[in-house]
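Letter by letter, the chains look like this.
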Amino acid sequence: MKFSRCASPPPKKMDKRVAIIGAGPAGLAATGFLICRGYDVHVFDMMEEPGGLLIYGIPDFRIPKKNVREGTRDLEKLGVRFHMRIRVIPGDGVREGEIGFNEILRSYDAVIIATGTWAERKLGIEGEDLPRVYSAFHYLYHCCRVEAGYERLEDLQPLGKRVAVIGAGLTAVDAAAVSKKLGAETVYMIYRRTINEAPARRHEIEKLIKSGVIWIELAAPKRFIGDRDRGVTGIELIRMKLGEPDRSGRPRPIPIEGSEFVLEIDAAMIAIGEIPTPPIIDKELRINPDNTIWVDKRMRTTMKGVFAAGDVVTGPSLIGNAIASGLKAAQAVDEYLQGKISWDLEA
């Protein structure tokens, strides 16, 4: 996977330093653009290697990790400095495994925040805290760490024979596929709308159905059944019908009174979306109600010299969108450092 396409001969070196916080698709795309423009680019990330969710969130059968690693090695050859296992925190100073955001602001001429979405949404229903009720996002994270050799397969949390996956996006699709791969005999994929409204591509879901996954549409979880000793043993669902479109433009699911039913399960994976995770919460950095970072048309934040890109700006999106966002932010950084644009923010 190529993150840079530098022209030949090599560009003239710029006397400017840029920090990228986050080594996922948006951050790497921005890095590739800026290193090819001659800037001194440093990337900070809390993980063991660059790639973000390309390495740690998407199984190898969807995106081969070899291709991602080849792309990041190319960036290193061009002079990019990757600072891994470093968490950016509010404040000053440099400590083992941490660097203060203010320290970065003082040390670099521009900053791009591209920290993505590393927190999961919750259903907010009874029994969600029972043993073996998992966040699909974090379960896939640990599966990817097993693939990468950072964790052992035997240390993965147990799934059992019957697994319910709640959701119909790409994370839910991957969670259902991984459940089958790990030996689950019965995998339910539960969605409150129909396959026509599912965020994942229809052919992805139909492929799972052909593999034996049981698709249950127009049903929503009402509560998980079980106890702290045995863990989850069942899920109570309620049938839904579709009403008028909601803010998303899709038909609103409406519960059908008295239609509850129970599935016996050994584990559940909740895959109803992720939440953006800015590295800091600062009164100077405007954060939207959905936890995304506010940016203007040129990807500038409300802090001078600080740009943002990718899912931390848009919310969960496709990889191609994150890459495009990273490139847009990098182009704006280039113009800013060359004095072509000021810090007059646009709505």
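Residues numbered from 1 in each chain as written. Predicted model: local features only at pLDDT ≥ 70, side-chain atom pairs only at ≥ 80, totals over all residues. Heavy atoms only, no water.

Comments concerning the nonpolar core
Part 1: Core analysis: the biggest nonpolar cluster contains 62 residues, and Leu34, Ile104, Ile112 and Ile113 have the highest contact counts within it.
Part 2: In terms of residue count, helix H9 (residues 319-337) provides more of this core than any other element does, seven residues in total.
Part 3: Every residue in contact with Ile112, bar those within four places of it in the chain, is listed here: Ala19, Ile20, Ile21, Ala30, Leu34, Phe307, Ala309, Ala329, Ala330 and Val333.
Part 4: Within the second largest apolar cluster, 30 residues are counted, among which are Tyr139, Leu156, Ala184 and Val213. (Core = buried A, V, L, I, M, F, W, Y, C linked by side-chain atoms within 4.5 Å. Buried < 20%, exposed > 50% of the residue type's maximum accessible area, 1.4 Å probe, protein only. Helix = DSSP H or I, 4+ residues; strand = E, 2+ residues; numbered from the N terminus. Contact = heavy atoms within 4.5 Å.)

With respect to the sheet that holds strand E5 (residues 94-95)
Part 1: Reading across from one edge, E4-E6-E5 is the order of the three strands in this open sheet, with mixed pairing throughout. Strands with a single pairing partner mark the edges of an open sheet, and in this sheet they are strand E4 (87-89) and E5. (Pairing = 2+ DSSP bridges.)

Observations concerning the state of the cysteines
Part 1: Summed over the entire model, instances satisfying the criterion amount to one disulfide.
Part 2: Sulfur-sulfur distance for the disulfide between Cys6 and Cys36 comes to 1.8 Å. Every disulfide takes its handedness from the sign of the S-S torsion; for Cys6 and Cys36 that torsion is -85°, giving left-handed. Taken together, the residues Cys6 in the segment before strand E1 (17-21) and Cys36 in helix H1 (residues 25-36) connect sequence positions 30 residues apart.
Part 3: Looking at Cys36, the relative accessible area reads 14%, which means it is buried.
Part 4: With no disulfide of its own, Cys143 has Cys144 as its nearest cysteine by sulfur position, at a separation of 6.9 Å. (Disulfide = S-S within 2.5 Å.)

Quick notes on the environment of Pro25
Part 1: Examined against the element boundaries, Pro25 turns out to sit in helix H1.
Part 2: Separated by 142 residues in the primary sequence, Pro25 and Gly167 place their C-alpha atoms 24 Å from one another.

Some details on the layout of surface pockets
Part 1: There is about 210 Å³ of room inside the second largest pocket.
Part 2: Contributing to the lining of the second largest pocket are Phe61, Arg62, Val173, Asp174, Ala177, His203, Glu204, Lys207, Leu208 and Ser211.
Part 3: Of all the elements in the fold, those that place two or more residues in the lining of the second largest pocket are helix H6 (170-181) and helix H7 (202-211).
Part 4: Of the residues in the lining of the second largest pocket, the class split is four nonpolar, two polar and four charged. (1 Å grid on protein atoms, 1.4 Å probe; cavity = no way out; pocket = protein on both sides within 12 Å on 5 of 7 lines; lining within 4 Å. Points joined across faces, edges and corners; volume = space filled by probe spheres on them. Nonpolar A, V, L, I, M, F, W, Y, C, P; charged D, E, K, R; others polar.)

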